[in-house]
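Observations on chain architecture
These are the residues of each chain, in order.
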Amino acid sequence: MSLSAKDKLAVKTFFGKVAPKVEDIGREALARTLFVYPQTKTYFSHWADLSPSSPQVKKHGLTVLNGVLSAVELIDDLKGGLLTLSELHAFMLRVDPANFKIINHNLLVVFAMMFPDDFTPEVHVSVDKFLAQVSLALAEKYR
Amino acid sequence: MVKWTDAERKAIKAVWGKMNVDVIGSQALARCLIVYPWTQRYFDSFGSLSDAASIMANKKVAAHGKVVLNGLGRAVQNMDDIKNTYAPLSVLHSEKLHVDPDNFRLLGDCLTIVVASQLGRAFTPDIQAAWQKFLAVVVSALGKQYH
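Residues numbered from 1 in each chain as written. Chains lettered and ligands numbered in written order. Predicted model: local features only at pLDDT ≥ 70, side-chain atom pairs only at ≥ 80, totals over all residues. Heavy atoms only, no water.

The name an unreviewed UniProt entry assigns to chain B is Globin domain-containing protein, from the organism Onychostoma macrolepis. Annotation of chain B in UniProt includes, under Sequence similarities (unreviewed entry), the sentence "Belongs to the globin family." (UniProt positions renumbered as here; feature names shortened; annotations may be inferred.)

As annotated in an unreviewed UniProt entry, chain A carries the name Globin domain-containing protein and comes from Onychostoma macrolepis. According to the UniProt record, the Sequence similarities (unreviewed entry) comment for chain A is "Belongs to the globin family."

Attention now moves to unusual backbone geometry. Even without a glycine there, the phi angle at A:Arg94 is positive, about 50°. Tracing the backbone through its elements, the reader meets A:Arg94 in the loop between α5 (83-93) and α6 (98-114). Residue A:Arg94 is classed as exposed on the basis of its relative accessible area, which comes to 59%. You will see that B:His98, though not glycine, has its phi angle at about 50°, which is positive. Tracing the backbone through its elements, the reader meets B:His98 in the loop between α6 (87-96) and α7 (102-119). (Helix = DSSP H or I, 4+ residues; strand = E, 2+ residues; numbered from the N terminus. Buried < 20%, exposed > 50% of the residue type's maximum accessible area, 1.4 Å probe, protein only.)

A word on empty space enclosed by the protein. To locate leftover empty space, one rolls a probe as large as a water molecule over the atoms. All names here are of chain A. Throughout the structure, instances matching the rule amount to one cavity of 30 Å³ or more. Size it by volume and the largest cavity reaches roughly 40 Å³. Taken together, Gly 26, Ala 29, Leu 30, Gly 61, Val 64, Leu 65, Ile 103 and Leu 107 make up the lining of the largest cavity. When contributions to the lining of the largest cavity are tallied by element, the ones reaching two or more residues are α2 (22-36), α3 (55-73) and α6. Grouping the constituent residues of the lining of the largest cavity by class yields six nonpolar, two polar and no charged. (1 Å grid on protein atoms, 1.4 Å probe; cavity = no way out; pocket = protein on both sides within 12 Å on 5 of 7 lines; lining within 4 Å. Points joined across faces, edges and corners; volume = space filled by probe spheres on them. Nonpolar A, V, L, I, M, F, W, Y, C, P; charged D, E, K, R; others polar.)

What follows covers the UniProt feature "domain: Globin" (unreviewed entry) in chain A. Listed under "domain: Globin" (unreviewed entry) in the UniProt record, and renumbered for this structure, are residues 2-143 of chain A. Between the end C-alpha atoms of residues 2-143 of chain A there is a gap of 22 Å, over a span that is 70% helix and 0% strand.

We now examine α6(A). The end-to-end C-alpha distance of α6(A), which contains 17 residues, comes to 25 Å, matching closely the 24 Å that a straight helix rising 1.5 Å per residue would cover. Burial analysis of α6(A) places 15 of its 17 residues in the buried class, the great majority of the element. (Expected span 1.5 Å × (residues − 1).)

Spelled out as structure tokens, the structure:
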């Protein structure tokens, strides 16, 4: 399910709207990941506060969504462009790749909440495909 | 037996109360057919599903969306026994319609997206958790009679 030219354009256009709200959206998506899928909290046992209002959740949500935004710029070569991030996730963080689907789902939920008119079904399918490709690229170095 | 807290019951009824039943079902089904095009396999008799625009304009899709959502309403009214409420529906989907039960999860995800776009910030993490738990119970009940 690779990205067509139409998908890439839809992704670039939509994430252009996401970029100005990156902090808000990143925090919301991570907060929901931790709250709605409590098993994901196991990766953050070193944080004092895992609630949606936590400063650590806000900071890390921004880190994660900035990573996704950088992937938009690398959309023509996600595997190559995300190699270093993949190594980080594979060897240092060792996040089970099943969790990529979880955060992707919560990104889609927050996109729908914040952009009800822009997040049309056509944009949804292109963004979903893109996030799936990002996840694959992130999992590249795992084994 | 699924246990629901008072907060979860309240959240589900609140979401349901805010939903325009005539519209949400159609939007969710159309979105499912667009985002997961392989789901179109069950709708050969519905006419043109060739692109997003025709799917969203398709009257049979719209009508069927309402049927599906009214079915979901039965789960809302019978939260303490969704499994038995849905047993005949599960048999129908397995033996007559031959629907791969993974599709229930896909449609559920599209429904969540449509609800999120309708409620905006009112779709809080608490409400999302309750809603997704409810849908997971519904999806499980729909798959229960498959063998």
